[in-house]
Amino acid sequence: MCGIIGYVGFKEAAPVLLDGLRRLEYRGYDSAGLAVLGEQLEIRKKAGKIDEGLARLVQTAPPQGSNGIGHTRWATHGPPTDANSHPHTDASGRIVVVHNGVIENYALLKNRLQLAGHKFLSETDTEVLAHLIGWHYQARRGSSGDLHPLAQAVADALREVIGTYGIAVLCADHPGLIVGARRGSPLIVGLGQGEHFLASDSAALVAHTRDVIYLQDHDLVLLTPQRHEVHRLQGEASRVEISRLEFDTAAAERGAFPHFMLKEIFEQPQTVRNALRGRLDPEEATARFGGLNLSPGELREFDQVVMLACGTSWHAALLGEYLMEELAHLPVEVEYASEFRYRNAPINKHTLVLAITQSGETADTLAGLREARRRGHKVLSICNVVGSTIAREADGGIYLHAGPEIGVAATKTFTAQVTVLTLLAVLLGRMRMLGAAHARRLLAALEAIPAQMQTVLQLREQVRRIAHRFAQAEDFFFLGRQFNFPVALEGALKLKEISYIHAEGYPAAEMKHGPIAMIDERTPTVILAPHDSLYEKTVANLEEIKARRGPIIAIGTEGDTTLAQKADEVLLLPRAPECLWPLLAVLPLQLLAYDIAVARGCDVDKPRNLAKSVTVE
Ligand code: F6R
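The structure presented is a predicted model; accordingly, all values stated were derived computationally and were not measured.

Student: Please give an account of the domain arrangement of the protein that cites residues and values.
Tutor: Domain annotation for the protein reports domain 1 (3–251), domain 2 (254–455) and domain 3 (458–617). The partner domain 3 presents 11 residues to the 15 residues of domain 1 that form the contact. Of the roughly 1100 Å² buried at the junction of domain 1 and domain 3 (both faces included), carbon and sulfur atoms supply 56%. There are 2 salt bridges connecting domain 1 and domain 3.

So, in structure tokens, the structure goes:
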């Protein structure tokens, strides 16, 4: 959440920062700001999206200088106002800070500083950090040490801080220097020729350089045009490794699509292919992965799986539970990472823990991973962002290869996660009870999914029409059984996050235990009713809704003639094995959410109150 960009070099900093902020805007977009250090220190900041606020301000009064830091905000402390936007300054106005994360003890620190006469202009925790750095900077003045005085002040301040941070700091006394530090919030150094960059996300760097250093928690970095120095806040030796960014810049462009979300929905046949590439072993009727770092013997030893995730990734995990139980007969617990980390859940020692996350930076999933590793479990990540913190901290992992997902609502990463979980279930199943013939049929069906997705996407116009019919509804239900229950949850989440319609997902049979009281002629229900082993039971649930005058959008399989007689709208999808059909069924739900949100005039790619990567707890 929130984005940071820093530049020190020979170019004018403001355009570099603005460009970086635009690329980071999907991370948080309620306000933005920058500080540029040239002859003087100049700050511009404004509530609202970049192009409506900050960009205009910079155009009217461009700050001059080749050293600067910028920030795009997702509010934690204080509403999105100009005053609460970053950067924030210390009491002298000579030190500026941008910050991602949360300073948990900020109230205590603020109180102490106020007693010492400090006045604050915002409600943010970041301003408190800026003042604290300034206070240490003044206190250390004149004393000599190994570390640069600004870096020393930052280190001293951070030692007092409880919470998470990725920060970038400038000081008017030291032109040509940026100090950065991280704990729990990502920060990447970009290496250039005679210039350096600092960013919270590689998306802001790829236009400038592919050579990067992923900072570790407790790293402190000093950047000048010619030098980068990484120190450890806790005094140990730093481990600096230069990595190469693999990033297709075209993949981060919208192209002819009106929104990233629509582009990403339509990319799914390709992203599922990417997730499968090189991972099918038809001869052995199994799957293989390069980065698990576990021997077949170790994989065979596990007798339980725990999955940690949040949001859409949690829905993929839930589907993973059904898949692993069915294909590998393994008991699975799916945990909200935010709950798992504080619970004392008994987990037996032969448990494989999976951290499932698109961004690889979700604070709760990261904390859950650390807790599981602390307890001595092997943790594998299933992750999209290469080099992300979770991917690096896990014992091994599987990348989704879905390319950058810019739309805030996850779409293509969900289907890539499900694809990878299916492969993993086959791999674990083949070490247990899954027969070769069954596995081979399943893998062949999985390979056919991308082409079937293409067919499903041809329903776009039909979905759009349905979306217009129901766009003014204020409540929606999504129902599904078994493998389609997580899809129902995901359909409801997609709809509410981008259209702000209240939506709930339920196992179809659960409605009569309470939620059916909500059904009336204004409350549509989307029901997933494939021709599977529970078809008749699902249709009976559909009848129960219909009897209460609830409008029904049924999603079934081709050849079905019953649904058309009972539902108000029907979408028919190709046939697939029960456990794979969700990969098709989620597509019309994503499209429905998209088209309803567009019809309601919502900002699909940047829905209110949300941000792409949730790095606060
Ligand atoms: C919903 C959405 C969120 C994320 C959740 C976890 O569309 O994107 O619910 O799924 O914040 O994020 P990751 O997968 O990055 O851990």
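Back to the text.
Student: Outline the site of the ligand, supporting the account with residue identities and numerical values.
Tutor: Around the ligand, the structure places 15 residues, and the nearest of them are Ser 313, Gln 358, Ser 359, Thr 362 and Glu 497. One of the backbone nitrogen or oxygen atoms of Val 408 is found 3.4 Å away from an oxygen atom of the ligand. Contact between the ligand and Lys 494: an oxygen atom at 3.0 Å from a side-chain N or O atom of the residue. Here the ligand loses 90% of its free accessible area of 410 Å² to cover by the protein chains. Of all the secondary-structure elements, those providing two or more residues to the shell around the ligand are helix H9 (311–328) and helix H16 (484–499).

Student: Can you break down the pairing of strand E22 (residues 475–480) residue by residue, with the values?
Tutor: Among the 6 residues of E22, 5 are classified as buried, and the element is accordingly described as predominantly covered. In the sheet, E22 pairs with strand E23 (residues 502–507) via 6 bridges, with the strands oriented parallel. Bridged to Phe 476 within E23 is Ala 503. In this region the chain leaves E22, passes through H16 and returns to the parallel neighbour E23; the handedness of that crossover is right-handed. Two strands pair when backbone bridges link them, and E22 and strand E24 (residues 525–528) are joined in this way by 3 bridges, in the parallel orientation. The residue of E24 that forms the bridge with Phe 478 is Val 526.

Student: Quick one: what's the story with the sheet that holds strand E18 (residues 332–336), residue by residue and with numbers?
Tutor: A sheet is described by the order of its strands in space; here 5 strands give the open sequence E18-E17-E19-E20-E21, paired in parallel fashion. For this open sheet the edge positions go to E18 and strand E21 (396–399), each flanked by a neighbour on one side alone. The mean angle between the axes of side-by-side strands here comes to 20°, regardless of whether they run parallel or antiparallel. Strand direction decides the pairing type here: strand E19 (residues 351–357) and strand E20 (residues 378–383), joined by 6 bridges, are parallel. When the sheet's bridge partners are listed, Val 353 is paired in E20 with Val 379. Lying over the sheet, helix H11 (residues 363–374) contacts strand E17 (304–309), E19 and E20, oriented at roughly 165° with respect to E19. Taken strand by strand, helix H13 (residues 412–430) contacts E17, E19, E20 and E21, and its axis lies near 165° from that of E19.

Student: Tell me what's going on with the sheet that holds E22, and back it up with residues and numbers.
Tutor: If you trace the 5 strands from one edge of the open sheet to the other, you get E23-E22-E24-E25-E26, paired in parallel fashion. Single-partner strands in this sheet number two, and they are E23 and strand E26 (569–573). Averaged over all neighbouring strand pairs, the angle between strand axes comes to 15°, with direction disregarded. Two elements, E24 and strand E25 (residues 552–557), share 4 bridges in a ladder whose sense is parallel. Its bridge partner being in E25, Leu 528 is matched across the sheet by Ile 555.

Student: Can you lay out the packing of aromatic side chains for me, pointing to particular residues and giving the numbers?
Tutor: Within the structure shown, the criterion is met by 6 aromatic pairs. Ring centres of Phe 477 and Tyr 506 lie 6.1 Å apart, and the angle between their planes is 40°; on these two criteria the pair is classed as tilted. Of the two residues, Phe 477 is situated in strand E22 and Tyr 506 in strand E23; the sequence distance between them amounts to 29 residues. Relative accessible area serves as the criterion here: at 22%, Tyr 506 is assigned to the partly exposed category. Taking NZ or CZ as reference, Lys 110 lies 5.2 Å from the ring centre of Phe 120, over its face. For Arg 112, the ring lying beneath its charged end belongs to Trp 135, and the centroid distance is 5.7 Å.

Student: Before we move on, could you go through the environment of Glu 127 and cite the residues and values that matter?
Tutor: Position of Glu 127 relative to the elements: it lies in helix H4 (residues 125–140). Each C-alpha atom of the pair Glu 127 and Arg 300 lies 52 Å from the other, and the pair is 173 residues apart in sequence. Beyond its immediate sequence surroundings of up to four residues, Glu 127 is in contact with His 88, Thr 89, Lys 119, Phe 120, Leu 121 and Ser 122.

Student: Could you give an account of helix H1 (residues 13–24), naming the residues involved and the relevant values?
Tutor: Compared with an ideal rise of 1.5 Å per residue, which puts 12 residues at 16 Å, H1 spans 16 Å between its outermost C-alpha atoms and is within 8% of the ideal. The set of residues buried in H1 consists of Ala 13, Ala 14, Val 16, Leu 17, Leu 18, Gly 20, Leu 21 and Leu 24. Where H1 is buried, its residues touch strand E1 (3–8), strand E2 (31–37), helix H2 (54–60), strand E4 (67–73) and strand E10 (196–199).

Student: Just give me the short version of the pairing of strand E8 (residues 178–183), but keep the residues and values in it.
Tutor: Burial within E8 is extensive, with 5 of its 6 residues counted as buried. Here strand E7 (residues 165–171) pairs with E8 via 5 bridges, running antiparallel. Its bridge partner lying in E8, Ala 168 is registered against Gly 180. Between E7 and E8, which pair antiparallel in sequence order, lie 6 residues; one of them, Gly 176, sits at a positive phi of approximately 80°. Here 5 bridges tie E8 to strand E12 (residues 219–223), and the two strands are oriented antiparallel to one another.

Student: An account of the nonpolar core is needed here, citing residue identities and associated values.
Tutor: Met 307, Met 324, Leu 354, Ile 382, Leu 424, Phe 476 and Phe 478 are the most contacted members of the largest nonpolar core, which totals 101 residues. For this core, the element with the highest residue contribution is helix H19 (residues 581–599), accounting for 13 residues. Beyond its immediate stretch of four places on either side in the chain, Leu 424 contacts Phe 289, Met 324, Leu 354, Ile 382 and Ile 398.

Parameters at a glance
Residues numbered from 1 in each chain as written. Predicted model: local features only at pLDDT ≥ 70, side-chain atom pairs only at ≥ 80, totals over all residues. Heavy atoms only, no water. Domains from an automatic or database assignment. Contact = heavy atoms within 4.5 Å. Buried area = accessible area lost by both parts, 1.4 Å probe. Salt bridge = Lys/Arg side-chain N within 4 Å of Asp/Glu carboxyl O. Near = heavy atom within 4 Å. Polar contact = N/O pair within 3.5 Å; in protein donor to acceptor, adjacent residues only side chain to side chain. Areas by Shrake-Rupley, 256 points an atom, 1.4 Å probe, with all protein chains shown as cover. Helix = DSSP H or I, 4+ residues; strand = E, 2+ residues; numbered from the N terminus. Buried < 20%, exposed > 50% of the residue type's maximum accessible area, 1.4 Å probe, protein only. Pairing = 2+ DSSP bridges. Right-handed = clockwise from strand over helix to strand, strands pointing away. Axes fitted to C-alpha atoms, helices over the stretch in contact; angles between N-to-C directions. Phe/Tyr/Trp six-rings, centres within 6.5 Å; stacked < 30°, edge-to-face > 60°. Lys NZ or Arg CZ within 6 Å of the ring centre and 35° of its normal. Expected span 1.5 Å × (residues − 1). Core = buried A, V, L, I, M, F, W, Y, C linked by side-chain atoms within 4.5 Å.

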